[in-house]
Amino acid sequence: MSNTCIPFSLNASLERFTKAVSMIPGGVNSPVRAFKSVGGTPVFLKRAKGSRFWDIDGNEYIDFCQSWGPLVLGHADERVVAAVREAACNGLSFGACHEGEIQMAELILSAMRDFNCVRLVNSGTEAVMTALRLARGATSRDLIVKFEGGYHGHSDSMLVKAGSGLVTFGEADSSGIPSKIANQTIVTAFDDEDRVADIFKQYGSRIAAVIIEPLPANNGLLVQRRDFLQYLREITQVNGSLLIFDEVISGFRFNFGGYYQMIDVIPDLVTLGKVIGGGMPVGAIAGSREIMKNLAPEGSVYQAGTLSGNPVSLAAGIETLKILSDGSIHKKLENLGRKFASLLEGANITSLRFERVGSIFWLHLDEGELPKKPAEISRAAMERYKTLYWPLLEKGFYLPPSPYEVMFLSASHNEEELTKFADALINKMQN
Ligand SMILES: *Cc1c(COP(=O)(O)O)cnc(C)c1O
């Protein structure tokens, strides 16, 4: 923890951020890193290990963001780093076939036995983009249904929001997206079978796929009813549309496999990212051979990548998945999650509410029901989060710099750290 004799200072970070802003739009290479939702300027990191990282001013933090989800083992796990070192010495990129691709495919397919084919890409965004094109190619249909508040990366057809009216074609949620593309996506609400039924009644024969995060974790943690997800399974099947579960966050986070197995709803395609790269850029699409064979070069749906299946990235992912494969890490994460939950619950503060699944936490700092839709996230909860953010950072607790984002525990967090953080949070909530 930052030594109490040395005052918390972010002077070096501030200076470097000013420099970064002069060359990089907003000073960052991914928008949420700019700290806009909590005010102030971001910290510049120098080094990370396990549950902790250190900024360039010398401040030490317990990191509850963990690179937004990939680092299920914590920062710079020795086994993963060793695997990366070894792979790097044997070539940074082949652009040709190698054994690592087979190992990765076997690991994913052995964990998800409902599928028998997988394609590797470099990010979650790419995985989703490919899954959507594949769904459209395989069904010869154009329309995609997504849910308000689901995040699926930054491809054109996913950066859409609901227009006005009940059943609506999407409107671009970013400049630079042609309306002709945005309105090939229908945007509807989580937790609402009736609206989905209306959409299929009107457009069923034109819908290529429904895409959803089965555990929405990008606008809070909006746990859905299993019935709702099962309903999506059935209505897509009846209408000849595909169901895509975007498991870029949830895949391999709670078990050696997908969240879909925990709820026993089996989609047609699963998109993966984050954990399967163990901190390096890897994404994947898994499905049945029957659907996947539509991808080039076997089929006519084009997809490619200079660095796809990169041997160094895959080394990190393979080592991470091997470590996860016996289930002991997930058991540990569940225990840590339960411990942290019990600490917060023990405080008995009505507005200190949170949602938890395994090692994912989301603070919704307000009384009452936990939200199932983004519209139900209260202003008061967001304001409280912003108010708490900087005092907690100063005490050495790094939270995701936005009240919409979830916290991640890693296997390198320990109970003592959770207790310290819970005490600090409870203390701030009482003041
Ligand atoms: C992070 C995320 C993505 C995008 O992945 P990137 O690797 O950032 O492109 C897509 N879908 C979900 C559910 C995600 O959480």
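Preceding block: the structure.
Rules used throughout
- Residues numbered from 1 in each chain as written.
- Predicted model: local features only at pLDDT ≥ 70, side-chain atom pairs only at ≥ 80, totals over all residues.
- Heavy atoms only, no water.
- Helix = DSSP H or I, 4+ residues; strand = E, 2+ residues; numbered from the N terminus.
- Rg over C-alpha atoms; globule rule 2.2 N^0.38 Å.
- Buried < 20%, exposed > 50% of the residue type's maximum accessible area, 1.4 Å probe, protein only.
- Contact = heavy atoms within 4.5 Å.
- Areas by Shrake-Rupley, 256 points an atom, 1.4 Å probe, with all protein chains shown as cover.
- Lys, Arg positive; Asp, Glu negative; His and termini not counted.
- Charge placed at Lys NZ, Arg CZ, Asp CG, Glu CD.
- Near = heavy atom within 4 Å.
- Polar contact = N/O pair within 3.5 Å; in protein donor to acceptor, adjacent residues only side chain to side chain.
- Nonpolar A, V, L, I, M, F, W, Y, C, P; charged D, E, K, R; others polar.
- Expected span 1.5 Å × (residues − 1).
- Axes fitted to C-alpha atoms, helices over the stretch in contact; angles between N-to-C directions.
- Parallel < 35°, antiparallel > 145°, perpendicular 65-115°, else oblique.
- Pairing = 2+ DSSP bridges.
- Left-handed = near helix turned anticlockwise from the far one by under 90°.

Asker: Let's hear about the overall build of the protein: which residues, and what values?
Answerer: Of the regular secondary structure elements, the protein holds 13 helices and 17 strands. For the protein, whose C-alpha radius of gyration is 22 Å, the value lies close to the compact-globule estimate of 22 Å for 431 residues. In terms of overall dimensions, the protein has C-alpha extents of about 65 × 55 × 45 Å along its principal axes. Here the protein holds 431 residues, and the buried ones make up 55% of them. Within the protein, contacts between residues at least 6 apart in sequence are counted, and of these 70% link residues at least 24 apart. Only carbon and sulfur atoms are counted for the fraction: they give 50% of the accessible area of the protein, which is about 18,500 Å². The protein carries 43 positive and 48 negative side-chain charges, and their two centres are separated by 3 Å.

Asker: Account for the site of the ligand, with residues named and values stated.
Answerer: Every residue lining the ligand is accounted for by Ser-123, Gly-124, Thr-125, Tyr-151, His-152, Gly-153, Glu-213, Asn-218, Asp-246, Val-248, Ile-249 and Lys-274. At a separation of 3.0 Å, an oxygen atom of the ligand approaches a polar side-chain atom of Asn-218. Here a nitrogen atom of the ligand and a side-chain polar atom of Asp-246 are 2.7 Å apart. Considering the ligand on its own, with 380 Å² of exposed area, one finds that the protein chains cover 82% of that surface. Per-class residue counts for the shell around the ligand are 3 nonpolar, 6 polar and 3 charged.

Asker: Go over helix 3 (residues 99-111), please, and point to the residues and values.
Answerer: Its 13 residues give helix 3 an end-to-end C-alpha distance of 19 Å, which sits within 8% of 18 Å, the value for a rise of 1.5 Å per residue. What helix 3 keeps buried is the set Gly-100, Met-104, Ala-105, Leu-107, Ile-108, Leu-109 and Ala-111.

Asker: Before we move on, can you summarise the packing of helix 6 (residues 193-203) against helix 7 (residues 226-239) with the specific residues and values?
Answerer: It is the contact of helix 6 with helix 7, at a shortest axis distance of 11 Å, that shows an interaxial angle of 10°. Here helix 6 lies roughly parallel to helix 7, going by the angle between them. Residues Glu-193, Val-196, Ala-197 and Phe-200 of helix 6 touch helix 7, and the partners they reach there are Asp-227, Phe-228, Tyr-231, Leu-232, Ile-235, Thr-236 and Asn-239. Looking at side-chain class alone, the contact of helix 6 with helix 7 contains 7 nonpolar, 2 polar and 2 charged residues.

Asker: Could you give an account of helix 13 (residues 415-430), naming the residues involved and the relevant values?
Answerer: Compared with an ideal rise of 1.5 Å per residue, which puts 16 residues at 22 Å, helix 13 spans 22 Å between its outermost C-alpha atoms and is within 8% of the ideal. At the N-terminal boundary of helix 13, the capping side chain belongs to Asn-414, with an oxygen 3.1 Å from the backbone nitrogen of Glu-416.

Asker: Outline the pairing of strand 12 (residues 269-272), supporting the account with residue identities and numerical values.
Answerer: Both faces of strand 12 are covered, namely the face carrying Leu-269 and Thr-271 and the face carrying Val-270 and Leu-272. Note that strand 11 (residues 242-246) and strand 12 share 3 bridges and pair parallel. The residue of strand 12 that forms the bridge with Asp-246 is Thr-271. Bridge count for strand 12 against strand 13 (residues 283-287) is 4 bridges, and the pairing is antiparallel. Across the sheet, the residue bridging to Leu-269 is Gly-287, located in strand 13.

Asker: Just give me the short version of the packing of helix 12 (residues 379-394) against helix 13, but keep the residues and values in it.
Answerer: Interaxial distance between helix 12 and helix 13 falls to 10 Å at its minimum, and their mutual angle equals 125°. Relative to helix 13, helix 12 is oriented oblique. Classified by chirality, the crossing of helix 13 by helix 12 is right-handed. Residues Arg-384, Leu-388, Pro-391 and Leu-392 of helix 12 lie in contact with helix 13, whose contacting residues are Phe-421, Ala-424, Leu-425, Lys-428 and Met-429.

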